[in-house]
Each structure stands twice: as structure tokens, then as C-alpha cells.
Amino acid sequence: MTPGTSPRSTSPGESVRSRNATRATMAQFFVNGATFATWGVLIPSVKERFALSDAVLSLAMLAVAGGALLTMGQSGKWIARVGSARALRQVGILYAATLLLIPLAPQFWMLVALLLVFGSAMAAFDVAMSVQAALVEGQRTRPIMSTLHAMFSIGGIAGSALGALPGLSPLAHAALVGAGTLAVALSIGPFALPDAVHDETTGASGADGRARRMVLVLGGIAFLALVCEGGMYDWAAVYMRDVAQSPAAWVSYSYAAFSTGMAAGRLTGDRIRARIGGLRTLAWSGVAGAAGIALAAAWPAPLATMAGLLLAGLGIANLMPIFFLAAARVPGMAAAESIAAVARFAYVGMLLGPVFIGGVAEHLGLRVSFVGVSLVMVVVALFGGKAVRRFI
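For the structure given in this document, a descriptive report is provided here. (Residues numbered from 1 in each chain as written. Predicted model: local features only at pLDDT ≥ 70, side-chain atom pairs only at ≥ 80, totals over all residues. Heavy atoms only, no water.)

### Topic: the overall build of the protein
Phase 1 of the analysis: A tally of helices and strands in the protein yields 13 helices and zero strands.
Phase 2 of the analysis: Ordering the α and β elements of the protein from the N terminus gives α-α-α-α-α-α-α-α-α-α-α-α-α.
Phase 3 of the analysis: Out of the 392 residues belonging to the protein, those deemed buried represent 51%.
Phase 4 of the analysis: Partitioning the contacts of the protein with sequence separation of at least 6, the portion at a separation of at least 24 is 85%.
Phase 5 of the analysis: By element, 67% of the accessible surface of the protein is carried by carbon and sulfur atoms, the whole surface being about 16,300 Å². (Helix = DSSP H or I, 4+ residues; strand = E, 2+ residues; numbered from the N terminus. Buried < 20%, exposed > 50% of the residue type's maximum accessible area, 1.4 Å probe, protein only. Contact = heavy atoms within 4.5 Å. Areas by Shrake-Rupley, 256 points an atom, 1.4 Å probe, with all protein chains shown as cover.)

Shown next as C-alpha cells:
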């Protein structure tokens, strides 16, 4: 349950509304995952179409990150003003349209400009979707957040698997997924929950220095974790094609393997955490993530790479739920403020991770980049527990 909320006694009609809102929010997470996965699957074709080096390709990835980071603050203010349901409808149209246009960009500079807009739309969609997720969980007596995040991974599986269909062009792939995103965006209104009134009096000034330092530590660990997750999302397909030398039809399976691991981990995460505790879950998650990425780096064969990415997904899946739970319990700071601060660190890590990996790959090779990512996961496993110990 979202911190600061309590189970509500609802009438049968309100229960139906809650269930409808839950399904609608699941659809949002699903199409978001499918759209993001489609961009990941399109990356090799973009590299080939414009004959890009790894370093120049990383500039395209940086454009997505830049678009999100440059507009994130304003997006949050806009969503608070217009409401998450209206924001999802409007930005969902933009999100779908920019995905469709990626395979049509005739020149690289046009692609970069388009990806700036795509990244901005993605960030706004994420924020608005997360607002709805928090509202939905507040209406329920049992947690739902992990399942919602699992729907993002399941959407990623669907989006990447679609790209593996024989004869399906990158444009057709983008068009099909974009149509699904557009349909969800246009239909969300009647089922969305109304946003809670924003309390302008609860701001950064309410946090003391000690709380800020705690959030900074949590945010730093979350940043490292999401560097790994973002790197796997954006570079798995390129690694599968260029390093593992897999058949063309298998390229999309790499993304699907990682997303499958993420989905399975999130679907079982709450039960695992209840059984062995948050600290052990965090430690073993870091170990599994490090082992999976190391396997792909050490044995760059198609099947071994897919197995490594599956294990990496299982490990990475449950890191952020634990970090968010810890953030909500930081004393001296409102739960919403601390969660938002940690989320910003994580989001930056997810968007910039692929750029870091591309820069290393240009000079040392993609296998060395994967070794580096595995070592980052070791750091998360070793020090993540210290960051969350007092809160879990």
C-alpha cells in the first residue's frame, strides 16, 4: 500500500470503479513497456540505416535522455495542473506519434530532434502513469504496485516479440505498437481516478539536512541500479547481434529474455520479500543481476547471452520497489517528496546508463562495457543493504 494511505471501505460501485481503474492503469504500464521496447528493438536498424559507430549511436540514446531530463520538471508541474488523466491522453498521442516517426526520419539530425521529443513524451507519460498507479493502490486493501510494474515488463516482452515476426518492417512494428499506445491514451479518461489535491505547503523546506542526506544515499544507489537496467534495455539487442553473432530473428529475443526476467521477478517479488526480508532480497537481487550480465559478457553465444539477460532481469526487477519503500520511511521528510527525489536519481541512471555503456564500448568494446555493468551491480549488492537497513 502506498505510504500515507489506508484501506478504504468502499461500496460495491466504488469497488467496480477501483477495479476498472486498476485495469486501465495496467494497460498504461503495458503500452509504455511495449513502446519503450519497440525503441530498443529499433536501435540496431537505426544504427545500420545511418551507418553509425557505437559512440554516435550513443548520441541518439542521449537525445532520449536529454529530452526527458530537460522537460521533467516542467512536465511534473503541467501534470499537477491539468491532472494525470488528461495528461496521459495528450502526451500519449505525442508518445505514439513520435514512435511512428522514428523509422521515417530521413536524416540523422532529424532523428536526434525527434528522439528529444520522444524522450520528453516518455518522461511525462511515466510521471502521469505513476500518479495513477499511486491513486489505484490507495483505493485497494492489497498492494498492486509490483504487479503494475510487471505489466511494463510484459509489455516489453510483447513489443520485442512483435519485432521478431518474419517480414515485419521497423515501420510496421512502430505503427502497430503506436496504435496500441494511442488507443489506451484516448480511452483512459472514463476509468482514471481523480488526482488528489496537491499540497503546496509541503515542499523541500520541510526536509531537514539529515533526511536530505539519507535520500541522497538512497538516490545514489538507485542511480547505479538503473544504470544497469537502462543499459540492458538499450544495448541487449546490439550485443546480441554484434557480439553474440546471433541470427537476425534472434536479435529481438535478447530484449524479450531480459523483460521476461523482469516480469517474473516483479510478479514474485512481494512474496520473496515477505519470506526472506527486504535486505536479503536486495543482496541476492544484486548478486543475480551481476551474475547474469557477467555470464553474457564471458560467454557471448546466443543461448548463453539470453540466459544471462534472463538472470539479469530477475535480479534487477525487485531493486526499485525496495528503494521506494525505504524512501517512504525516511524520517524528517514527507514520503511523497523522498520517493520523488529517489525516483529522479533512478530515472537519470536509466536514461544515461546506455550513454555510458556506448562511450566505453567505442574504446574498449561492448563486452568490456558489460563487465563494467556487472561490477556496478556488485556495488549495489554490497552497499544497497547499508543504504536501506534502517528503513526495511
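The discussion continues.
### Notes on the side chain of Thr305
Phase 1 of the analysis: For Thr305, the location among the structural elements is in helix H10 (residues 302-316).
Phase 2 of the analysis: Judged by relative accessible area, which is 0%, Thr305 ranks as buried.

### Description of the environment of Leu352
Phase 1 of the analysis: Examined against the element boundaries, Leu352 turns out to sit in helix H12 (residues 335-364).
Phase 2 of the analysis: For Leu352, a relative accessible area of 18% gives the class buried.
Phase 3 of the analysis: A C-alpha to C-alpha distance of 6.8 Å links Leu352 and Val227, two positions 125 residues apart in sequence.
Phase 4 of the analysis: Discounting residues that sit within four places of it in the chain, Leu352 has contacts with Leu62, Ala65 and Leu69.

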